Amino acid sequence: MDLVSSPKSSCSRELQQTYQQWFSVADSDGDGRITGKDALKFFAMSKLSRPELKQVWAIADSKRQGFLGFQEFIGAMQLVSLAQEGHEINQDILSNADLESLKPPAMEGLDILLAKKKRSEKKSDPNLDAPRQPEAPPSARWFSSKSSKKIPLKSVTSIVDGLKKLYIEKLKPLEVTYQFNDFVSPLLTNSDFDARPMVMLLGQYSTGKTTFIKHLLKSTYPGAHIGPEPTTDRFVVITSGPDERSIPGNTIAVQADMPYGGLTAFGSAFLSKFECSQMPHPLLEHITFVDTPGVLSGEKQRTQRSYDFTGVTSWFAAKCDLVLLLFDPHKLDISDEFKRVIGSLRGHDDKIRVVLNKADQVDTQQLMRVYGALLWSLGKVLNTPEVMRVYIGSFNDKPVNEAAIGPIGKELFEREQEDLLSDLKDIPKKACDRRINEFVKRARAAKIHAYIISHLKKEMPAMMGKAKTQQRLIDNLEDEFAKVQKEFHLPPGDFPNVEQFREVLSGYNIDKFEKLKPKMVQAVDDMLAFDIPELLRKFRNPYE
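Residues numbered from 1 in each chain as written. Predicted model: local features only at pLDDT ≥ 70, side-chain atom pairs only at ≥ 80, totals over all residues. Heavy atoms only, no water.

(A) Spotlight on the packing of aromatic side chains. Scanning the model with the defined rule gives 27 aromatic pairs in all. On the basis of an interplanar angle of 65° and a centroid distance of 5.3 Å, the ring pair of Phe270 and Tyr307 is categorised as edge-to-face. Here Tyr307 lies in the loop between strand 7 (288-291) and helix 14 (309-319) and Phe270 lies in helix 13 (residues 267-271), a separation of 37 residues in the sequence. Pair check on accessibility: Phe270 and Tyr307 agree, each one buried. Ring plane angle 40° and centroid distance 6.0 Å describe the contact between Tyr508 and Phe513, whose orientation is recorded as tilted. Overall, Tyr508 belongs to the partly exposed group, its relative accessible area being 23%. Here Arg33 stacks its cationic end above the ring of Phe67, 4.5 Å away from the centre of that ring. (Phe/Tyr/Trp six-rings, centres within 6.5 Å; stacked < 30°, edge-to-face > 60°. Helix = DSSP H or I, 4+ residues; strand = E, 2+ residues; numbered from the N terminus. Buried < 20%, exposed > 50% of the residue type's maximum accessible area, 1.4 Å probe, protein only. Lys NZ or Arg CZ within 6 Å of the ring centre and 35° of its normal.)

Quick look at the structure:
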């Protein structure tokens, strides 16, 4: 099963050039994006019915970004062409149709628009024969601007742009005022919003994490080491790039177009154990993988790592769209370090999937027992009443060991593999929804943080005994959290970890904190209640 298929790859070069010209006509402001408004005008030329065009847009904008890029535009044109031929439009039609012999759709009146556009381009630049390159979206410049003036609404051409605007105008001022970046999470940058979806693999050494990535990519990647001993001794981000190369951690952490700036907080000891592997690959254009060092077990745990391993996994878990926990039938024990790592994923339970890898190394009867033992072990670590979804399989390039598992096991493995791959396939489609979800989560956390900080400030005396009061507040932090919760009617599960908060707080002078600014909190409340729903309404399917 192929994880990714691109409409562009099914087009001849001549056809791509034709579609590029059509795209520049449809893209009214030349920003490389066709919004719903652009589509209403352009797609009307196909003379398809509104329900058909609604379906075309829904399939072409499967990532639900609120716009079509060039790639998605080609897919939309192919769907229009198939609809004109009398096919019924559905999700699977592009993967089943013969796209190589598919002709461009008939668009009434498009020739006149193309000729008109060519004339106007010749007038402005007589040497211009090549199609115009789309400009970079203006949102890339919003974060570098020192001024905090309002971002014009017409600059917002996608849901992610809308989130950037809301962050800069409403949420960031609250985060800066109450030092949210020091206590919880660094301030967001442009690359945090634009980053590709990420999948992190966690597990003890030799559970097949690196092999799993190689199996999906169907090739090795720069810097990949595989062996029975703990081979991957660093965090490796595998991402798309023009050529195959490894980039050291210190370099990658300061690159503005990469979302890893926050990792500098873990210091040089970590950055020397972090690298980025770039390679051209169609799957990596949609998903970035994070390969991690094997979690230590037994005596090896006593050798301390030189950096905060659980802190780093927690940082990546917040950024990732999916976290895969890999187990091996012969390594079901959950060590203390693994327990801490799984504990650091608190709040991201919806992203966790468990994979029982190398399952063809045991026979069917043993596999049943292993599966039961794994669920029992996980139940003690993950404090949830629900049972985790566990995928069983052997994710490597070798054929399944049928002698051990028999024909029923082989069929089971294939079905489980299909399920896991469809889960991975859905990641790019759900990326925009996930971004909104994480944004709302962050806004709630920032609001609670503002209430806590301003409450601590309010408890400080005006003149005498400041040091004593500060120490009392730090020692009785649980009670102070309870007071804030009661005063503002907040859910207790949304409060930060007391111990971590206490640790950071002890390095600050509480008296220097800001008092509560109700207007700022109200702006974030309005953003959650009105602005985000309005943004989603604005960029929904234009034919709804």
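(B) Structural detail: the packing of helix 19 (residues 477-488) against helix 20 (residues 498-505). Packing of helix 19 against helix 20 leaves a shortest axis separation of 10 Å and a crossing angle of 105°. Here helix 19 lies roughly perpendicular to helix 20, going by the angle between them. Listed contacts from helix 20 to Leu477, Glu478 and Phe481 of helix 19 are Val498, Phe501, Arg502 and Leu505. Classifying every residue of the contact of helix 19 with helix 20 by side-chain character gives five nonpolar, no polar and two charged. (Axes fitted to C-alpha atoms, helices over the stretch in contact; angles between N-to-C directions. Parallel < 35°, antiparallel > 145°, perpendicular 65-115°, else oblique. Contact = heavy atoms within 4.5 Å. Nonpolar A, V, L, I, M, F, W, Y, C, P; charged D, E, K, R; others polar.)

(C) Spatial organisation of the nonpolar core. Phe235, Tyr260, Leu263, Phe274, Phe316, Leu325 and Phe327 are the most contacted members of the largest nonpolar core, which has 48 residues in total. Not counting residues up to four positions away in its chain, the partners in contact with Tyr260 are Met198, Val237, Ile252, Ala253, Phe274, Thr288, Trp315 and Phe316. (Core = buried A, V, L, I, M, F, W, Y, C linked by side-chain atoms within 4.5 Å.)

(D) View of helix 20. Along helix 20, the positions that sit buried rather than exposed are Val498, Phe501, Arg502 and Leu505. Down the axis of helix 20, the buried side of the element spans an arc of 100°, and every buried residue falls inside it. Of the exposed residues in helix 20, the ones pointing more than 90 degrees away from its buried face are Gln500 and Glu503. Measuring from the side-chain oxygen of the N-cap residue of helix 20 to the backbone nitrogen of Glu499 gives 2.9 Å; that N-cap residue is Asn497. (Arc of directions from axis to C-beta. Polar contact = N/O pair within 3.5 Å; in protein donor to acceptor, adjacent residues only side chain to side chain.)

(E) Up close: the sheet that holds strand 7. Sheet architecture is open: eight strands sit in the order 5-6-4-7-3-8-9-10, paired in mixed fashion. Where the open sheet ends on each side, the last strands, each with one partner, are strand 5 (245-248) and strand 10 (390-392). Ignoring strand direction, the axes of neighbouring strands in this sheet form an average angle of 25°. Across three bridges, strand 4 (residues 235-240) lies against strand 7 in antiparallel orientation. When the bridges of strand 7 are listed, Ile238 appears paired with Phe289. (Pairing = 2+ DSSP bridges.)

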